[in-house]
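# Working through the structure, step by step
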Amino acid sequence: MDPVVIPILVAALVVVFLVASTLRIVPQARRYNIERFGRYRRTLQPGLNLVLPVADRVNSKLDVREQVYSSEPKPVITEDNLVVNIDTVLYYQITDPRSAAYEVANYLHAIDQLTVTTLRNVIGSMDLEATLTSREEINARLRAVLDDATGKWGIRVNRVEIKAIDPPHTIKEAMEKQMRAERDKRAAILHAEGERQAKILTAEGTKQKDILEAQGTQQAVILRADGEAKAVELVFQAVHRNDADPKVLAYKYLETLPHLASSDNNTFWVIPGELTEAVRTVTSAFGDPSSAGAPRSAQSEESATTGADGPSDEDRLPELDGGPTLPLDAARATDEAEKQAAAAVSDAKAEAEAAKSPQVPHRGQASGG
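Description of the structure in this document. (Residues numbered from 1 in each chain as written. Predicted model: local features only at pLDDT ≥ 70, side-chain atom pairs only at ≥ 80, totals over all residues. Heavy atoms only, no water.)

## Topic: the pairing of strand E8 (residues 83–94)
Alignment of strand E6 (residues 67–70) against E8, held across four bridges, turns out to be antiparallel. Paired with Ser70 across the bridge in E8 is Val89. Remark: five residues form the turn of the hairpin made by strand E7 (residues 74–77) and E8, two consecutive strands paired antiparallel; Asn81 in that turn has positive phi of roughly 60 degrees. Note: E8 against strand E9 (residues 155–166), 10 bridges, orientation antiparallel. Bridge pairing in E9 links Ile86 to Ile165. (Pairing = 2+ DSSP bridges. Helix = DSSP H or I, 4+ residues; strand = E, 2+ residues; numbered from the N terminus.)

## Considerations on the packing of aromatic side chains
Applying the stated rule across the entire model yields two aromatic pairs. Taken together, a centroid distance of 5.6 Å and an interplanar angle of 70 degrees make the contact between Tyr40 and Tyr102 edge-to-face. Pair noted here: Tyr40 is in strand E3 (residues 39–44) and Tyr102 is in helix H2 (residues 97–102), with a separation of 62 residues, a long-range link. The class of Tyr40 is partly exposed, set by a relative accessible area of 26%. Seen from their ring centres, Tyr92 and Tyr107 are 6.0 Å apart, and the 65 degrees between their planes marks the pair as edge-to-face. Residue Tyr92 is located in strand E8, and its partner Tyr107 is located in helix H3 (residues 107–123); the two are separated by 15 residues in the primary sequence. What makes Tyr92 buried here is its relative accessible area of 2%. Assessed through its relative accessible area of 16%, Tyr107 is described here as buried. (Phe/Tyr/Trp six-rings, centres within 6.5 Å; stacked < 30°, edge-to-face > 60°. Buried < 20%, exposed > 50% of the residue type's maximum accessible area, 1.4 Å probe, protein only.)

## Let's talk about the pattern of salt bridges
For the structure on display, the rule yields seven salt bridges. Here Arg30 ties to Asp63 by a salt bridge, and the two come within 3.6 Å at their closest N and O atoms. With Arg30 in strand E2 (residues 30–36) and Asp63 in strand E5 (residues 56–63), this pair connects stretches of sequence that are 33 residues apart. Owing to a relative accessible area of 28%, Arg30 belongs among the partly exposed residues under this scheme. The class of Asp63 is buried, set by a relative accessible area of 17%. The salt bridge partner of Lys163 is Asp87, with a shortest N-O separation of 3.2 Å. Residue Lys163 is found in strand E9, and its partner Asp87 is found in strand E8; the two are separated by 76 residues along the sequence. Given the relative accessible area of 11%, Asp87 is considered buried. One salt-bridge network, held together by shared partners, links Arg30, Asp63 and Arg65. (Salt bridge = Lys/Arg side-chain N within 4 Å of Asp/Glu carboxyl O.)

Below is the structure:
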C-alpha cells in the first residue's frame, strides 16, 4: 500500500467522526440537555442541531409529552381510625427540561412521596364515609398541593385521580350488611306502599260497587213500587168502573185464604176478622134466604101497625118479594162456610208442612187411615 494513502484515510475518518459528533438530530416531543465540559450549556429542540465535538455532550434526554404514573396502594388512616389502602393515578407533563434534570434527582419518586404525604394529610381530616363520597374534593386538593410543589421542578401536574379505596375486610362486611339493610328497608317501604295503594283502590272499588248496587236497588224498588201502584190503580179503576157486587169481592177474598200458607217460611197464620163477614156474604148469596123471612114478617107487622096508625103514603116502604126457599137456614149455611174456610186453611198448612218434611203424612191420608 502506498504510504500516502494511509494518512489520507486516517484524516477522512477523523473528519467523518467530527462531523458525526457535531450533528445531533432530536426527535419530536423530545428535549436534550447539553453540557459543555460538565456544565449545562443549552437544551436542544426537535430537529437538526450542531454541537461542539468533544466539548459538548448530551446529559439527559427527556420526553415532554403528558405521561401517566400509577403508584402502589398506600395505607392511610382516616379520622375515625380506620386504615384504608388508596391507589392514585398521576397525570403530569415536563414543562422545563433543565429544571427537571437539575432541580430534582428523581422527579417520579419525589412526586410519589409528595402524593402520599398530601393524601395522608387530606384523608386524616375525613371519616370513612366522607372519604368514599368526596373523591372530587380529594382530587382537587391533591392537585393544588402537587402543582404548587412541582412547579419549581419544571413539571406540571394536570390531574390526580383516586383509582381505588380499599377499606378493611371487616369494614366491607359491615358496609355490605348496612347496604343490605337499607335495600331491605326500601323494599319493605315500597311493598307497604304498594299494599296501601292496593287497599285504597280496593276500598274505592268496593265503595263504587256498593253505591252502584244501592242505586240499582233503589231504582228497582222505585220501578217495582210504581208498577204495583199502577196495578193497584188499574184494579181499583176496573172495580169501580164495573161496579163489582160485594158478593163477588167476598168470594175472591175467600179464594185468597189458601195462599196464606203457600210460603215455606210460614210458621203461623193470621185469620183476619173480616172472615165471618165474607162467609156471611157468600152464604147469603148461595144459601137459604128463608132466614130473611122473620125480619120481613116483623117488618110487615110493623108496617101494618104503622098502617093502622094511618101513616102517609110517602112513609110506606115498598114490599120485597120473597124468593124461593131452600131446606137449610142461614145459620147453618154460615157455619158450613166457616167450616169449609177453616178446612181450606188447614189443608194449606198441611201441604206446607208436607213440603218441608216428606215423612209427615198428609192430613187427608191421616184422617183416612
